[in-house]
Amino acid sequence: MAKRTLTGTSLDTLVSLAKRRGFIFQSSEIYGGLSSVWDYGPVGVELKRNVKDAWWKSMVRERDDVVGIDASILMHPDVWVASGHLAGFSDPLVECNDCHRRFREDQVEGDVCPNCGGGFGPARQFNLLLKTFLGPVEEDAATVYLRPETAQAMFVNFENVQTTSRKKIPFGIAQIGKSFRNEITPGNFTFRTREFEQMEMEFFCEPGTDDDWHDYWMNFSLNWFKKYGLRGEKLLLRVHEADELPHYSKASADVEYEFPWGWGELETISNRTDFDLKAHSEKSGKDLSYFDDQKKERYVPFVVEPAMGADRSALAFLADAYDEEGEGKEMRVVLRFHPDIAPFQVAVLPLSKKETLSPTAQRVHELLRPYFNTQYDDTQSIGRRYRRQDEIGTPLCVTVDFDTLDDDAVTIRNRDTMEQVRVSIENLESAIRDLLTQMRTDAKG
Ligand code: GAP
């Protein structure tokens, strides 16, 4: 399969495909939308869910040394004092003296406003935490924050998780969930938004072993994206310069992907040292050290953190899968997703809507849906339906035709090769499994 010669596309084309096919809509669109906030539609929700499931499977279910949690978005306000976010989670902001638009200082070149050409006032630090109030009284004492990262829940639950799961160091705690940041300049579709989902894992290890674990998790992360189909030449690992390290990190590297507008970060893998556990021990008064019963030693573990964005990853999978074949009216748009990332794996399409075909087509659909994520579509011409499935990246279409009534066999059409094979309904499930296995191998980046 010609995975490495995909045409790629512009961001505008992706945004319009995403809307047309039910991947992503603007939030509150009927009210004119809310800037930089997005909703996933019936197809997009399956894509993003598959991205999260693939990560959870690799990170938690297939490993003995990582367990999961699902913590609340709202946490005690002291968490953000201890973590340093209340004091230091800010971006430098500049405001134009003429049009009063605001920009992140590090994202504008020179000192001229890109909107109107005016000059900027002095830069000031702008805190990215989003605030709300708990309870009926809007007063300072009731202020809580929407978490800007999921990670802190793993630190404050370190002891609960360690003792209940009986894990010994080294081990990790993983979580997938929403985070919020009052970004100064959100943009590029779902790449930078104010509400987003993260997939983070905090790996607790013995001090002195942290550099090796940092190398390990950087490789793991890069390989994860390749395993699920992102092309190797569109991925790179960029080590942070000292002046761009987050306040908690001794060393960080980003996995970057070449989006239609250029390179952008998908994930940061940081060596957070013992910064967070120590900070929470001090602030809460709770000892968060660990007793190593083999070495008979007590220490505060170091933490290596792979922190990935679910929305950015889903956007990268969407952009990477995009391909066009042929020209003009004959042009076929096809999303060549890895079968585990594709929103639907199989579409069942009766050749016509005639009543004679429907019961058999429904029977085939019922046979497959316990095993695969399926769609049933009997609207419009078969050509249009194939085109629609190509545009949402469904790897296999199963067509039920009038011969099926005689031979109890159906046709499977392969999204990538467009080859069609005739298979008996009895052998359909295993034939689909075999084809998907082959497509998984072909899709590796
Ligand atoms: N706990 C560490 C942490 O949060 P980060 O690099 O700030 O590190 C991790 O965020 C990942 O979360 C990023 O690589 C990105 O994929 C995603 N992310 C961060 N801010 C985002 C935003 N405003 N919109 C969408 N995704 C974002």
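This write-up is about the structure you can find in this document.

Here is what the cut-offs are and how they apply
- Residues numbered from 1 in each chain as written.
- Predicted model: local features only at pLDDT ≥ 70, side-chain atom pairs only at ≥ 80, totals over all residues.
- Heavy atoms only, no water.
- Helix = DSSP H or I, 4+ residues; strand = E, 2+ residues; numbered from the N terminus.
- Contact = heavy atoms within 4.5 Å.
- Areas by Shrake-Rupley, 256 points an atom, 1.4 Å probe, with all protein chains shown as cover.
- Lys, Arg positive; Asp, Glu negative; His and termini not counted.
- Charge placed at Lys NZ, Arg CZ, Asp CG, Glu CD.
- Core = buried A, V, L, I, M, F, W, Y, C linked by side-chain atoms within 4.5 Å.
- Buried < 20%, exposed > 50% of the residue type's maximum accessible area, 1.4 Å probe, protein only.
- Pairing = 2+ DSSP bridges.
- Axes fitted to C-alpha atoms, helices over the stretch in contact; angles between N-to-C directions.
- Near = heavy atom within 4 Å.
- Polar contact = N/O pair within 3.5 Å; in protein donor to acceptor, adjacent residues only side chain to side chain.
- Disulfide = S-S within 2.5 Å.
- Salt bridge = Lys/Arg side-chain N within 4 Å of Asp/Glu carboxyl O.
- Parallel < 35°, antiparallel > 145°, perpendicular 65-115°, else oblique.
- Left-handed = near helix turned anticlockwise from the far one by under 90°.
- Patch = residues over 30% accessible without salt bridge, like charges linked within 9 Å, V, L, I, M, F, W, Y side chains within 5 Å.

Some points on the overall build of the chain
From N to C terminus, the chain includes 13 helices and 23 strands. Principal-axis analysis of the C-alpha atoms places the extent of the chain at approximately 75 × 65 × 50 Å. By sequence separation, contacts in the chain at least 24 residues apart represent 66% of the contacts at least 6 residues apart. Only carbon and sulfur atoms are counted for the fraction: they give 48% of the accessible area of the chain, which is about 20,700 Å². Counting 55 positive and 74 negative side-chain charges, the chain places the averaged centre of each group 3 Å from the other.

A closer look at the nonpolar core
The biggest cluster of nonpolar side chains holds 56 residues, and the ones touching the most others in it are Phe23, Trp55, Met59, Trp224, Phe225, Phe317 and Phe337. Contacts of Trp55, omitting those with residues within four sequence positions, involve Val60, Ala174, Gln175, Ile176, Met199, Glu200, Met201, Trp224 and Met308. Counting 28 residues, the second-largest nonpolar core is a separate cluster that includes Val67, Met154, Phe158 and Val303.

Side note on the sheet that holds strand β5 (residues 102–104)
Read from one edge of the open sheet, 3 strands run β5-β4-β6, paired in antiparallel fashion. Two strands bound the open sheet, and with one partner strand each, they are β5 and β6 (124–127). The mean inter-strand angle of the sheet, taken between neighbouring strand axes irrespective of direction, is 50°. Direction of pairing for strand β4 (residues 90–95) relative to β5: antiparallel, over a ladder of 3 bridges. Directly across from Val94, in β5, lies its bridge partner Phe103.

Topic: the site of the ligand
Not every one of the 21 residues close to the ligand is listed here, only the nearest: Glu149, Glu183, Thr193, Glu200 and Glu265. Arg181 places a polar side-chain atom, nitrogen or oxygen, 2.8 Å from an oxygen atom of the ligand. Protein coverage of the free-state accessible area of the ligand, which is 550 Å², stands at 94%. The set of elements that each furnish at least two residues to the shell around the ligand consists of β10 (195–205), β13 (262–273) and β16 (302–309). Tallying contributions element by element places β13 first for the shell around the ligand, with 5 residues.

A few points about the state of the cysteines
Taken as a whole and assessed by the stated rule, the structure comprises 0 disulfides. There is no disulfide at Cys96, and the cysteine sulfur nearest it, in Cys116, is 3.5 Å away. Using a relative accessible area of 1% as the deciding quantity, one classes Cys96 as buried.

Some words on the sheet that holds strand β22 (residues 409–414)
Taken together, the 5 strands give an open sheet; going across it, the order is β20-β19-β21-β22-β23, and neighbouring strands pair in mixed fashion. Of all the strands in the sheet, the pair left with one neighbour each is β20 (374–376) and β23 (420–424). Mean inter-strand twist for the sheet, computed between neighbouring axes without regard to direction, equals 25°. Here 5 bridges tie β22 to β23, and the two strands are oriented antiparallel to one another. Looking at β23, one finds that Thr411 is bridged to Arg422. With respect to the sheet, helix α10 (residues 358–368) is in contact with β19 (346–350), β20, β21 (396–400) and β22, its orientation differing from that of β20 by roughly 165°.

Brief notes about the pattern of salt bridges
By the definition in use, this model includes 40 salt bridges. A salt bridge links Glu366 to Arg369; the shortest N-O distance between them is 3.2 Å. Taken together, the shared-partner salt bridges in this structure form one network comprising Asp323, Glu325, Arg332, Arg336, Asp390, Arg413, Arg415 and Asp416.

Observations concerning the environment of Glu159
One can find Glu159 in helix α6 (residues 158–165). With 149 residues separating them along the chain, Glu159 and Met308 place their C-alpha atoms 24 Å apart. Every residue in contact with Glu159, bar those within four places of it in the chain, is listed here: Lys286 and Leu288.

A closer look at the packing of helix α2 (residues 44–61) against helix α9 (residues 310–321)
For the pair α2 and α9, the least separation of the axes is 9 Å and the interaxial angle reads 110°. Relative to α9, the element α2 is oriented roughly perpendicular. In terms of crossing hand, the pair formed by α2 and α9 is right-handed. Here α2 contributes Leu47, Lys48, Val51 and Lys52 to the contact with α9, which in turn contributes Ala310, Asp311, Ser313, Ala314 and Phe317.

Details of a nonpolar patch on the surface
The grouping of Leu351, Phe402 and Leu405 at the surface amounts to a nonpolar patch, some 240 Å² of accessible area in total. Along the chain, the position of Phe402 falls in the loop between β21 and α12 (404–407).

Considering the environment of Gln438
Within the secondary structure layout, Gln438 lies in helix α13 (residues 428–443). With 99 residues separating them in the primary sequence, Gln438 and Pro339 have C-alpha atoms 9.7 Å apart.

Let's talk about the side chain of His365
As for its placement among the helices and strands, His365 is situated in helix α10. Of the residues examined, His365 reaches a relative accessible area of 5% and is grouped as buried. There is a polar contact of 2.9 Å between the side chain of His365 and the side chain of Thr374. Beyond its immediate sequence surroundings of up to four residues, His365 is in contact with Val348, Thr374, Gln375 and Tyr376.

Here's the deal with the pairing of strand β9 (residues 171–180)
Across the 10 residues that make up β9, a large majority, 9, are buried. Bridge count between strand β3 (residues 66–68) and β9: 3 bridges; the pairing is parallel. What sits directly across from Gly68, in β9, is Ala174.

Remarks on unusual backbone geometry
In this model, Ile169 is joined to Pro170 through a cis peptide bond whose omega is 10°. Position of Pro170 among the secondary structure elements: in the loop between α6 and β9. With a phi close to 55°, Ser28 is a non-glycine residue in the positive phi region. Note that Ser28 resides in the loop between β1 (24–26) and β2 (38–40).

Coordinates in, geometry out; function isn't part of it.
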